[in-house]
Amino acid sequence: MSSEPDDAVKTICPYCGVGCGIRVREGDDPGDMRFMPWGDAPVNEGSVCIKGGAATQVVDHEDRLTEPLIKEDGEFREATWDEALTRVVDEMEQIREVHGPDGMGFFGSSKTFNEENYLIQKLARRYGTNQVDNCTRMCHASTVWALRTSLGMGAMTNSMADLEEAADVLWIQGANPGEQHPIANSQYFRQAVLEGATVIQVDPHANKTTRSFDIEETDRHMHLQLNPGTDIPLLNVVLKTILERHEAEPDAGWIDESFVDERAKGFDHLKETLADFDKEAAAEECGVPLEDIELAAEKYAMANNAAIFTGMGMSQHTCGVDNVQNEINLALVTGNLGRPGTGVNPLRGQNNVQGTCDVGAMPNVLPGYQLVDDDEARESVEEVWGFEIPAEPGLTNVEISHAIGDTVHGLYVMGENPIMSEPDGNETEKRFREDLGFLVVQDIFMTETAELADVVLPATTWAERGGTVTNTDRRVQRMRGVHKVHENTRHDLDILCEVGTRLFDGGEFDFDGPEDVFEELREVCPIMHGMTYDALGETGIHWPCYEEGDEGDSYLYESEFETDDGLGRIEGVVHQDPKETPDEEYPLVLTTARLEEHYNTGTMSRRSPTLSRQHPENFVDVHPADAERYGIEDGDDVTLRSRRGEIRVRADVTEDIKEGVVWTTPHFAAASANRLTNDVLDERAKIPEYKAAAAEIEVD
Ligand code: SF4
């Protein structure tokens, strides 16, 4: 007989995009929340990583915001909800009157649910602007762009379960699932490896993924440790090798000719792009032996089913779209799409990073990736909403920040911490402090951004409310809340409805809870049209789910792509240097990544005793040769500096990183990597180049 208490609710871990099921129940003390495993959870079957197990620690944390706050004479004072919301609405009306609707920007958040992000983008559009974006811009905007343009949908093509069962090769580039998606790595990837899959990891850093598979045969686990920013040349060596070998052995299966002929276009462009490509020079530029890249190419091309996993090491570059396009090229020419165990699969960072985009919290798309400048799509949404939507796409996340004081005068931030998450943090903070007319932040803690706000609205945590989130493989799952810990906090959804109702009197924000919002969301979002709360049940449903009763698709593109002509798009791409490369003054390449024990800007994980004990402060990985050159001993305090600022961190001297490269993390307010990173953007997707900047290091 089960000894589990009846009051535990089944919900989803609030941290990464794997979307593990957990259970939460009230503890013995008032307000206390307890974690409990969920043994038959659909994604993780009860397993969790250290973050999932510690997730409830922040729910009743002493730092929780418990009352609305208004800043007066530079100091916060407690206010009633009526006072705080009146101030928010007055300021928003004033900004619209003086500067027009594009004077405001709206930031949704992948830490919040589908229903809440749906509402914030509806609020922005009702206000009269498409200037709404979310933190996905910072992690996978380029991936979404490339996948949508070339295959039709901006999401993982396959699901973790079908990859585990069918993939013979796991090609993991610019991603570190051992650290950042631990259950995907330990459960799905490990199972594929146990069944014989080969792992090819392409990353400048040796990391937990590198060490996580006990594969004895060295050629079944290759780590191509390339120089940061050389992913295009490396993949071009792979592609050129496949083209050359196919020419020499046309029947050996290097290229899937019928797939290329029937399901793709642009192959000639790829061949032209690579006609004079010099593999030896490219391999040298990558810092990887040519024969290793050629062997990896052979393993990928000769696999029955090969799956690519792509992460922020690929997307966070000014050539991020091209990086991912080259992965798509590889999958298309070898026919590795449209069946289990294949595909191009972005590993998404946050628990609802997929859903935030799906529901339209982006400046260029409405729910379901319907383009705002497509008249037909816009009109179909207008018919449900009952108001006109602006046709011009708005500014993106970092562009909104850049426009502060120029065209942007007010900002509504829900659950985001741009002061730490945006690149060139010192400049970002200066703009927020000096040039922003009005800032409202809706959050659970006094974040580095909330400290600069005019009004702070105390929200409830993930464990206190219900809604849905969409994990990395497009599975929409329900989150269920226990109860409110602090009486005077409010759910994000209720706050947005109240602001919307005070601003507009047409009933557009008159909702009776998350299910009511979801019903409208699915009406305007074709890919979720067939989903209901009842149908989602405990297992969730992968989108697309067009009709009620559909079970959703675990993998996409079985018979055709979702492009206008049904064809996948191959397009040759060429190497572009990062916008900032080492020179005499800043001779090192700085690159950044996350840790298993922390979560983005650390607002939650830094407050978890379990997690912060593991990693209480930031550090920088330095290669032994660089350490010797700069007189650094392991454990020394050093200053890490770029053209934009400096941080003081502890040096970890390690051969995990390549000579000439330094590696640090964005999680810690006292020494955040984003004080140093470059805010230059990929031209199309507008994602910043977090992964490569010029830096210097100095021992104190
Ligand atoms: Fe949570 Fe991700 Fe860990 Fe699963 S793998 S428990 S979703 S942080």
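About the cut-offs
Residues numbered from 1 in each chain as written. Predicted model: local features only at pLDDT ≥ 70, side-chain atom pairs only at ≥ 80, totals over all residues. UniProt positions renumbered as here; feature names shortened; annotations may be inferred. Helix = DSSP H or I, 4+ residues; strand = E, 2+ residues; numbered from the N terminus. Buried ≥ 20, exposed ≤ 12 C-beta atoms within 10 Å, placed from the backbone. Contact = placed C-beta atoms within 7 Å. Near = placed C-beta within 6 Å. Nonpolar A, V, L, I, M, F, W, Y, C, P; charged D, E, K, R; others polar. Domains from an automatic or database assignment. Axes fitted to C-alpha atoms, helices over the stretch in contact; angles between N-to-C directions. Left-handed = near helix turned anticlockwise from the far one by under 90°. Expected span 1.5 Å × (residues − 1). Arc of directions from axis to C-beta. Core = buried A, V, L, I, M, F, W, Y, C linked by C-beta atoms within 7 Å. Pairing = 2+ DSSP bridges.

Going by what an unreviewed UniProt entry lists, the chain is known as Formate dehydrogenase subunit alpha and is assigned to Halorubrum laminariae. Word for word, the UniProt comment on the chain under Sequence similarities (unreviewed entry) is "Belongs to the prokaryotic molybdopterin-containing oxidoreductase family."

**Q** Break down the environment of Gln-576 for me, citing the residues and quoting the values.
**A** In this structure, Gln-576 sits in the loop between strand 22 (568-569) and strand 23 (588-592). For Gln-576, a count of 13 C-beta atoms within 10 Å translates into the label partly exposed. Once the C-alpha coordinates of Gln-576 and Ala-306 are considered, the two residues, 270 residues apart in sequence, prove to be 27 Å apart. Excluding anything up to four places from it in sequence, Gln-576 contacts Thr-318 and Cys-319.

**Q** Requested: an account of the site of the ligand, with residues and values cited.
**A** Of all residues adjacent to the ligand, which total 14 residues, the nearest are Cys-13, Cys-16, Cys-20, Cys-49 and Gly-52. At the level of elements, helix 1 (50-53) and helix 8 (182-194) are the ones that each hand at least two residues to the shell around the ligand. A per-class count over the shell around the ligand returns nine nonpolar, four polar and one charged. Here the shell around the ligand gathers at least three residues from each of two domains, domain 1 (9-58) and domain 3 (141-346).

**Q** Explain the packing of helix 10 (residues 231-248) against helix 13 (residues 279-286) to me, and be specific about the residues and the numbers.
**A** Where helix 10 meets helix 13, the axes come as close as 9 Å, and the angle between the chain directions of the two elements is 145°. Crossing angle aside, the handedness with which helix 10 passes helix 13 is left-handed. Facing helix 10, whose interface residues are Pro-233, Leu-234, Asn-236, Val-237 and Lys-240, helix 13 presents Lys-279, Ala-282, Ala-283, Glu-285 and Cys-286.

**Q** Account for the domain arrangement of the chain, naming residues and giving values.
**A** You can read the domains of the chain as domain 1 (9-58), domain 2 (69-137 + 351-539), domain 3 (141-346) and domain 4 (588-677). Here the C-alpha centre of domain 4 lies 32 Å away from the C-alpha centre of domain 2. At the junction of the two partners, domain 2 supplies 12 residues and domain 4 supplies 12 residues. Among the secondary structure elements, those contributing two or more residues to the side of domain 2 that touches domain 4 are helix 20 (418-421) and helix 21 (425-434).

**Q** Kindly report on unusual backbone geometry, identifying the contributing residues and their values.
**A** The omega torsion of the bond from Trp-543 to Pro-544 falls at 5°, within 30 degrees of zero and hence cis. Along the chain, the position of Pro-544 falls in the loop between strand 21 (541-542) and strand 22. Of note in this structure, Tyr-369 is not a glycine but carries a positive phi near 60°. Here Tyr-369 is to be found in the loop between strand 14 (365-366) and strand 15 (370-371).

**Q** Explain the packing of helix 10 against helix 14 (residues 290-302) to me, using residue names and the numbers behind them.
**A** For the pair helix 10 and helix 14, the least separation of the axes is 9 Å and the interaxial angle reads 60°. Crossing angle aside, the handedness with which helix 10 passes helix 14 is right-handed. In contact with Leu-234, Val-237, Val-238, Thr-241 and Ile-242 of helix 10, helix 14 contributes Leu-290, Ile-293, Glu-294, Ala-296, Ala-297, Tyr-300 and Ala-301.

**Q** Kindly report on helix 2 (residues 81-99), identifying the contributing residues and their values.
**A** Here helix 2 contains 19 residues, and its C-alpha end-to-end distance of 27 Å stays within 8% of the 27 Å for a straight helix at 1.5 Å per residue. All buried positions along helix 2 are accounted for by Ala-84, Leu-85, Val-88, Glu-91, Met-92 and Ile-95. Buried residues of helix 2, seen end-on, are gathered within an arc of 125° and therefore sit on one face of the element. Among the exposed residues of helix 2, those pointing more than 90 degrees away from its buried face are Asp-82, Asp-90, Glu-97 and Val-98. Close packing links the buried residues of helix 2 with strand 4 (69-72), strand 6 (104-107), strand 16 (410-414), strand 17 (438-443), strand 18 (455-458) and helix 22 (492-503).

**Q** So what's going on with helix 14? Which residues, and what values?
**A** Taking 1.5 Å of rise per residue, the 13 residues of helix 14 would be expected to cover 18 Å, and the 18 Å separating its terminal C-alpha atoms lies within 8% of that figure. Looking at helix 14, one finds that the buried residues are Ile-293, Ala-296, Ala-297, Tyr-300 and Ala-301. For helix 14, the angular spread of buried residues about the axis comes to 125°, placing them on one side.

**Q** Any details on the nonpolar core? Residues and values, ideally.
**A** Nonpolar side chains in soluble globular proteins generally cluster together in the buried interior. Ranked by size, the top nonpolar core spans 183 residues in total, and within it Leu-170, Trp-171, Leu-234, Val-238, Tyr-300 and Val-440 carry the most contacts. Here the element with the most residues in this core is helix 10; it accounts for eight residues. Excluding residues within four positions of it along the chain, Leu-234 makes contact with Val-202, Leu-224, Leu-226, Cys-286, Val-288 and Ile-293. Within the second largest apolar cluster, 27 residues are counted, among which are Val-589, Val-620, Leu-640 and Ala-693.

**Q** Quick rundown of the sheet that holds strand 1 (residues 9-12)? Include the residues and the values.
**A** Taken together, the three strands give an open sheet; going across it, the order is 1-2-3, and neighbouring strands pair in antiparallel fashion. Each having just a single partner strand, strand 1 and strand 3 (33-37) make up the two edges of the open sheet. Across the sheet, the axes of successive neighbouring strands diverge by a mean angle of 40°, strand direction being ignored. In this structure, strand 1 lies alongside strand 2 (residues 21-26), joined through four bridges in antiparallel fashion. The partner of Val-9 across the bridge, within strand 2, is Val-24.

**Q** Requested: an account of the pairing of strand 20 (residues 475-479), with residues and values cited.
**A** Counting buried residues along strand 20, five of its five residues qualify, which places the element largely inside the surrounding structure. Alternating residues of strand 20 divide into Arg-475, Gln-477 and Met-479 and Val-476 and Arg-478, and every residue in both groups is buried. Here strand 19 (residues 467-470) pairs with strand 20 via four bridges, running antiparallel. Counterpart to Thr-470 in the pairing with strand 20 is Val-476. Linkage of strand 19 to strand 20, two consecutive antiparallel strands, is achieved through a turn of four residues, within which Arg-474 is found at a positive phi near 70°. Note: strand 20 against strand 21, two bridges, orientation antiparallel. Note that in strand 21 the partner of Val-476 across the bridge is Ile-541.

**Q** Break down the sheet that holds strand 24 (residues 619-622) for me, citing the residues and quoting the values.
**A** Spatially, six strands are ordered 23-27-24-26-25-28 in a closed barrel, and the strand pairing comes out mixed. Geometrically, the sheet is characterised by an average inter-axis angle of 45° between neighbouring strands, direction not taken into account. Pairing between strand 24 and strand 27 (residues 661-664): three bridges, direction antiparallel. Residue pairing for strand 27: Asp-621 is matched across the bridge by Trp-663.

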